[in-house]
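# Analysis of the macromolecular model
Here is what each chain is made of, one letter per residue.
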Amino acid sequence: MAKKNEFKPDKTWGGWSSRLFLTQKQQRSLLKWSLYALMLLVLSLLQDVILCRVRIFGATTELVPVGIFLICVLEGLETGSVFALIASALYLFSGTSAGAYAMVFITALAVGVTLLRQAYLQEGFSTAMLCTTVAMIFYELLVFGVGLVLGLTPLARIFGFLITAGVSLLAAPLLYPITLSIGRIGGDAWRE
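Residues numbered from 1 in each chain as written. Predicted model: local features only at pLDDT ≥ 70, side-chain atom pairs only at ≥ 80, totals over all residues. Heavy atoms only, no water.

### Quick notes on the overall build of the protein
Just so we agree on the cut-off: Counting from the N terminus, the helices are DSSP H or I runs at least four residues long and the strands are E runs at least two residues long. Exposure classes here rest on a 1.4 Å probe applied to the protein chains alone. A residue is buried below 20% of its type maximum, exposed above 50%, and partly exposed in between. By the convention used here, residues are in contact when the closest approach between their heavy atoms is within 4.5 Å. All accessibility values rest on the Shrake-Rupley procedure with a 1.4 Å probe; residue burial counts only the protein chains present in the view.
In terms of regular secondary structure, the protein is built from 8 helices and 0 strands. The buried share among the 192 residues of the protein stands at 39%. Look at the contacts in the protein between residues 6 or more apart in sequence, and 71% of them connect residues 24 or more apart. Of the accessible surface of the protein, which amounts to about 11,600 Å², a share of 68% is contributed by carbon and sulfur atoms.

Encoded structure:
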């Protein structure tokens, strides 16, 4: 006669996280990138629903590129550049970006300022704001340049683009503590 303890049935349900076979570190990393995506989604909704109605000298805000630049600068070149590429592609597909060239500009500028920060500058609030400011101003100037070449905007609108960069950058100091807190969640992504 067989003992009662020989056969143990399989667990029927252990939760969604155990079915994905992710370690705790990978779960924290997944949570971090999901929170970053949620932050950019909130910025996009805030920009497109509320702040699009507010005009300052004919300029409005572009919060999503500011968020992408800040996340890339704080995450570093290795993971931040991949995030900048994916986030700028999603920003393009959302229909609110300036055009297909915006994806290239955002990714290149995010990688460039992150490389500059890692090579020559120390970590901290002031350098993160400096790099985000430089990237945002160059982004707006590049978008203006493409609009000028394509005949979509007159030369006199350059101040409108610079005002857009300035007004958008007002959100960067508010986003810094949120982004820094989210960045501390998962450690290095997918490394065991």
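### So, the packing of helix α2 (residues 24-50) against helix α4 (residues 77-94)
Here is the rule we go by: Working convention: axes come from line fits to C-alpha atoms, limited for helices to the stretch in contact. Angles between N-to-C directions cover 0 to 180 degrees. For any pair of crossing helices, the crossing counts as left-handed if the nearer helix is rotated counterclockwise from the farther one by less than a right angle, and right-handed if it is rotated clockwise. Classes in brief: Ala, Val, Leu, Ile, Met, Phe, Trp, Tyr, Cys and Pro nonpolar; Asp, Glu, Lys and Arg charged; the others, Gly included, polar.
At a minimum axis separation of 12 Å, α2 and α4 run at an interaxial angle of 40°. When you trace α2 past α4, the crossing you get is right-handed. On the side of α2, the interface is formed by Trp-33, Tyr-36, Leu-40 and Gln-47, while α4 contributes Thr-79, Phe-83, Ala-87 and Tyr-91. A breakdown of the residues in the contact of α2 with α4 according to their chemical character gives 6 nonpolar, 2 polar and no charged.

### Quick notes on a nonpolar patch on the surface
Stated formally: Like-charged residues within 9 Å of one another, or nonpolar side chains (Val, Leu, Ile, Met, Phe, Trp, Tyr) within 5 Å, are grouped into patches, provided each residue has over 30% relative accessible area and no salt bridge. Salt bridges are defined as contacts in which a side-chain nitrogen from Lys or Arg sits within 4 Å of a carboxyl oxygen from Asp or Glu.
Where nonpolar side chains cluster on the molecular surface, the patch consists of Leu-116, Tyr-120, Leu-121, Leu-130, Val-134, Ile-137, Phe-138, Leu-141, Phe-159 and Leu-162 and spans about 920 Å² of accessible area. Of all the secondary structure elements, the ones that give two or more residues to the nonpolar patch are α5 (100-120), α6 (125-149) and α7 (158-169). When you line up the elements, Leu-141 lands in helix α6. The partly exposed category is assigned to Leu-141, whose relative accessible area is 32%.

### Considerations on the environment of Leu-40
Along the polypeptide, Leu-40 turns up in helix α2. Judged by its relative accessible area of 10%, Leu-40 falls in the buried class. Separated by 51 residues in the primary sequence, Leu-40 and Tyr-91 have C-alpha atoms spaced 9.2 Å apart. The residues touching Leu-40, leaving out its near neighbours within four places in the chain, are Val-64, Gly-67, Ile-68, Ile-71, Phe-83 and Ala-87.

### Regarding the packing of aromatic side chains
The line we're drawing: Centres within 6.5 Å are what make two rings of Phe, Tyr or Trp a pair, Trp counting through its six-membered ring; a difference in plane orientation under 30 degrees is then read as stacked, over 60 as edge-to-face, and the rest as tilted.
Inspection of the entire model under this criterion finds 7 aromatic pairs. The structure contains a cluster of three or more aromatic residues connected by ring pairs, namely Trp-33, Tyr-36 and Phe-83.

### Observations concerning the environment of Thr-179
Within the fold, Thr-179 resides in helix α8 (residues 172-183). Exposure remark for Thr-179: the relative accessible area of 0% places this residue in the buried category. In the structure, Thr-179 is positioned 109 residues away from Leu-70 in sequence and 7.7 Å away in space, judged by C-alpha atoms. With residues up to four places along the chain from it excluded, the contact list for Thr-179 reads Tyr-36, Met-39, Leu-70, Ile-71 and Leu-74.

### Structural notes on α2
Under the convention used in this document: A helix's residues, less one, multiplied by 1.5 Å, set its expected span.
Taking 1.5 Å per residue as the helical rise, α2 with its 27 residues ought to reach 39 Å, and the 38 Å between its terminal C-alpha atoms agrees with that figure. The complete set of buried residues in α2 reads Gln-26, Ser-29, Lys-32, Trp-33, Tyr-36, Met-39, Leu-40, Leu-43, Ser-44 and Gln-47. Against the buried residues of α2 lie α3 (63-75), α4 and α8.

### Topic: the nonpolar core
Rule in force here: Only buried residues count toward a nonpolar core. Its members are Ala, Val, Leu, Ile, Met, Phe, Trp, Tyr and Cys residues joined through side-chain atoms within 4.5 Å.
Formed by 41 residues in total, the largest nonpolar core has its most connected members in Leu-40, Ile-68, Phe-69, Phe-83, Met-136, Tyr-139 and Leu-175. Of all elements in the fold, only α2, α3, α4, α5, α6, α7 and α8 reach the threshold of two or more residues within this core. In this structure Phe-83 touches Trp-33, Tyr-36, Leu-40 and Ile-71, once residues within four positions along its chain are discounted.

### Digging into the side chain of Ser-168
Assignment of secondary structure puts Ser-168 in helix α7. Once you skip the residues sitting within four places of it in the chain, Ser-168 turns out to touch Thr-60, Thr-61, Glu-62, Leu-63, Val-66 and Met-136.

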